[in-house]
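Each chain is listed here by its residues.
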Amino acid sequence: MLNVAQLMSIKPVSVSPDDTLSVVKHIFDHVKFHHVLVVENGILLGVLSDRDLFKALSPHIGTAAETPRDLATLNKKVHQVMLRKPVTLQPQAKIMDAIHLFNTEGVSCIPVVDSQNRPQGILSWRDIIRTLDRIDKRTAPAG
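Heads up: these notes are all about the structure in this document. Since we're looking at a predicted model, the values are computed, not measured.

### Concerning the sheet that holds strand 6 (residues 109–113)
Thought 1: Pairing is antiparallel in the open sheet, where three strands are placed in the order 1-7-6. Every interior strand has two partners, whereas the edge strands, strand 1 (9–10) and strand 6, have only one.
Thought 2: With two bridges connecting them, strand 1 and strand 7 (residues 119–124) associate as antiparallel partners. In the sheet register, Ser9 faces strand 7, and the bridge partner there is Ile122.
Thought 3: Relative to strand 7, helix 6 (residues 125–139) is tilted by about 65°, and along the sheet it contacts strand 1 and strand 7.

What follows is the structure, encoded as structure tokens:
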């Protein structure tokens, strides 16, 4: 049975709780992942998803209807929007533990932390699906 460490993305991108949403928007505008970890002094404090960011920002940013008030939403701090105390797993946890959390907690990523709550990686449901797809392709009969 696979464990979380075998599937997680290592070196997840992190931000500070005092960073602005402008910083996070810049990250999400240039990458293909959907979550950043919120870390302070090496300890995980929370998670911020692209959906959290989308909900916190004015929908008029970058449009002709944009006003200074809309732009001000970019100055909100990460700690105002982040999910605090996210569900986590340790690297040795089984993938079935992660699947259970995805199904029961309604989360789309699980930070992987050590015993001191220091981030080691991040696991998304996409990581699990991608692995299952690779396993299926290797075991499919030639035809």
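Still to come is the rest of the account.
### Comments concerning unusual backbone geometry
Thought 1: Positive phi is not limited to glycine here, since Lys11 has a value of about 55°.
Thought 2: If you trace the backbone, Lys11 turns up in the loop between strand 1 and strand 2 (14–15).
Thought 3: One non-glycine residue, Lys85, lies in the positive phi region at around 50°.
Thought 4: Along the polypeptide, Lys85 turns up in the loop between strand 5 (83–84) and helix 5 (95–105).

### Focus: the environment of Lys77
Thought 1: Tracing the backbone through its elements, the reader meets Lys77 in the loop between helix 4 (68–72) and strand 5.
Thought 2: Owing to a relative accessible area of 31%, Lys77 belongs among the partly exposed residues under this scheme.
Thought 3: Distance from Lys77 to Val23, taken between C-alpha atoms, is 9.5 Å for residues 54 residues apart in sequence.
Thought 4: Sequence-distant contacts of Lys77, defined by excluding residues within four places in its chain, comprise Pro17, Asp18, Asp19, Thr20 and Leu21.
Thought 5: A polar atom in the side chain of Lys77 sits 3.3 Å from the backbone oxygen of Asp18.

### Considerations on helix 2 (residues 21–29)
Thought 1: Here helix 2 has its buried residues at Leu21, Val24, Ile27 and Phe28. Relative to the axis of helix 2, the buried residues are bounded by an arc of 115° and lie together on one face.
Thought 2: Looking at the buried positions of helix 2, the neighbouring elements they touch are strand 2, strand 3 (35–40), strand 4 (43–49) and helix 3 (50–56).

### A word on the nonpolar core
Thought 1: Ranked by size, the top nonpolar core spans 16 residues in total, and within it Val15, Leu21, Val24, Val36, Leu48 and Val78 carry the most contacts.
Thought 2: Elements supplying a minimum of two residues to this core: helix 2, strand 3 and helix 3.
Thought 3: The element contributing the most residues to this core is helix 2, with four residues.
Thought 4: When sequence neighbours within four positions are dropped, the list of residues in contact with Val24 reads Val15, Val36, Leu48, Leu53 and Val78.
Thought 5: By size, the runner-up hydrophobic cluster in this structure holds 13 residues, among which are Val4, Leu89, Phe102 and Ile128.

Definitions and limits used
Residues numbered from 1 in each chain as written. Predicted model: local features only at pLDDT ≥ 70, side-chain atom pairs only at ≥ 80, totals over all residues. Heavy atoms only, no water. Pairing = 2+ DSSP bridges. Helix = DSSP H or I, 4+ residues; strand = E, 2+ residues; numbered from the N terminus. Contact = heavy atoms within 4.5 Å. Axes fitted to C-alpha atoms, helices over the stretch in contact; angles between N-to-C directions. Buried < 20%, exposed > 50% of the residue type's maximum accessible area, 1.4 Å probe, protein only. Polar contact = N/O pair within 3.5 Å; in protein donor to acceptor, adjacent residues only side chain to side chain. Arc of directions from axis to C-beta. Core = buried A, V, L, I, M, F, W, Y, C linked by side-chain atoms within 4.5 Å.

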